[in-house]
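Survey of secondary and tertiary structure
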Amino acid sequence: MRVYCSNTMSTQKTVRQSADTVEENELRLDQEKAEQIVDALNTELANAYVLYHQLKKHHWVVEGAEFLPLHEFLEEAYEHVEEGADEIAERAQALGGVPVSGPTNLEDRATVEFEGEDVYDVRTMFRNDLEMYGDMIESMRDSIELAENLGDHATAELLRQILVTLEEDGHHFEHYLEDDTLVLEEATKDR
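Below, the structure is looked at part by part.

Conventions adopted
Residues numbered from 1 in each chain as written. Predicted model: local features only at pLDDT ≥ 70, side-chain atom pairs only at ≥ 80, totals over all residues. Heavy atoms only, no water. Helix = DSSP H or I, 4+ residues; strand = E, 2+ residues; numbered from the N terminus. Buried < 20%, exposed > 50% of the residue type's maximum accessible area, 1.4 Å probe, protein only. Contact = heavy atoms within 4.5 Å. Areas by Shrake-Rupley, 256 points an atom, 1.4 Å probe, with all protein chains shown as cover. Axes fitted to C-alpha atoms, helices over the stretch in contact; angles between N-to-C directions. Parallel < 35°, antiparallel > 145°, perpendicular 65-115°, else oblique. Left-handed = near helix turned anticlockwise from the far one by under 90°. Nonpolar A, V, L, I, M, F, W, Y, C, P; charged D, E, K, R; others polar. Phe/Tyr/Trp six-rings, centres within 6.5 Å; stacked < 30°, edge-to-face > 60°. 1 Å grid on protein atoms, 1.4 Å probe; cavity = no way out; pocket = protein on both sides within 12 Å on 5 of 7 lines; lining within 4 Å. Points joined across faces, edges and corners; volume = space filled by probe spheres on them. Salt bridge = Lys/Arg side-chain N within 4 Å of Asp/Glu carboxyl O. Core = buried A, V, L, I, M, F, W, Y, C linked by side-chain atoms within 4.5 Å.

Scanning the protein from terminus to terminus reveals 6 helices and 0 strands. Traced from its N-terminal end to its C-terminal end, the protein shows the element sequence α-α-α-α-α-α. Out of the 191 residues belonging to the protein, those deemed buried represent 37%. Long-range contacts, defined here as pairs at least 24 residues apart, represent 79% of the contacts in the protein between residues at least 6 apart. As displayed, the protein offers around 12600 Å² of accessible surface, 47% of which is attributable to carbon and sulfur atoms.

Turning our attention to the packing of helix α4 (residues 122–149) against helix α5 (residues 153–176). At a minimum axis separation of 9 Å, α4 and α5 run at an interaxial angle of 160°. It follows that α4 is roughly antiparallel to α5 by the angle criterion. Viewed along their axes, α4 and α5 form a crossing whose handedness is left-handed. Tallied by class, residues from the contact of α4 with α5 come to 15 nonpolar, 4 polar and 8 charged.

Here the focus is the side chain of His-58. Take His-58: it is sitting in helix α1 (residues 31–61). Excluding residues that lie within four positions of it along the chain, His-58 makes contacts with Leu-74, Glu-115, Met-125 and Asp-129.

What follows concerns the packing of aromatic side chains. A full pass over the atoms with the stated rule returns 8 aromatic pairs. With centroids separated by 6.1 Å and ring planes inclined at 50°, the aromatic side chains of Phe-73 and Phe-126 adopt a geometry described as tilted. Of the two residues, Phe-73 is situated in helix α2 (residues 67–94) and Phe-126 in helix α4; the sequence distance between them amounts to 53 residues. Phe-126 carries the same exposure label as Phe-73, and that label is buried. Grouping aromatic residues by their ring pairs yields a cluster made of Phe-73, Phe-126, Tyr-133, Phe-173 and Tyr-176.

Moving on, we get to the layout of surface pockets. Computed from the structure, the second largest pocket encloses a volume of approximately 220 Å³. Around the second largest pocket sit Tyr-49, Val-50, His-53, Pro-103, Thr-104, Leu-106, Glu-107, Ala-110, Val-112, Glu-113 and Phe-114, which together line it. Counting residues per element, the lining of the second largest pocket draws most heavily on helix α3 (residues 103–109), which supplies 4 residues. For the lining of the second largest pocket, the class distribution of residues is 7 nonpolar, 2 polar and 2 charged.

Time to look at the pattern of salt bridges. Applying the stated criterion across every chain, the model contains 7 salt bridges. Across the pair Arg-160 and Glu-148 runs a salt bridge whose closest N-O atoms are separated by 2.9 Å. On the criterion of sequence distance, the pair formed by Arg-160 in helix α5 and Glu-148 in helix α4 is long-range, its members being 12 residues apart. With a relative accessible area of 33%, Arg-160 lands in the partly exposed category. Through salt bridges with shared partners, one network takes in Asp-20, Asp-39 and Arg-109.

Turning next to the nonpolar core. The biggest cluster of nonpolar side chains holds 47 residues, and the ones touching the most others in it are Leu-51, Leu-55, Phe-126, Tyr-133, Met-140 and Phe-173. At the level of elements, α1, α2, α4 and α5 are the ones that each hand at least two residues to this core. The element best represented in this core is α1, accounting for 11 residues. Leave out the neighbours within four places in its chain, and Phe-126 touches Leu-70, Phe-73, Leu-74, Phe-173, Tyr-176 and Leu-177.

Structure representation (structure tokens):
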């Protein structure tokens, strides 16, 4: 006796909500206001994933006398970014929106730009990261102001918490870029 299994789930599509739409939400935030906030949240989400992938790349390729502490620092930094991104996505969904998620959509939506696939020296990588942190911090402040002005104090508070972490991590990149070091000059010269 033969048993045939049919997997209709793989060919059948049921769209529950189209991307770039905002449905009525149970948080009692006016739909027009929710649309503006979800749009801002999706920009922040896209920015977060661009930064996440850049930090992850740097985590993989960092080399040199200070490899291990930098490798661990970058891991902690991209984990912070991913945690914030998850909170942003969940808030967009709670407001009736669809969090942006596909790689092409994330890239199109982001207001920050990935540095590219090339591998740079550590100082250049960290300068690029610090620049992206600065851009994201400015964007996040604008999104906080928008949420406050539209009466969505919970989103503003959530973004404030994420902003604190972004600013702290960005400041750590700034510290790494200072010119003081314990590494002897001879350790950094080609042999």
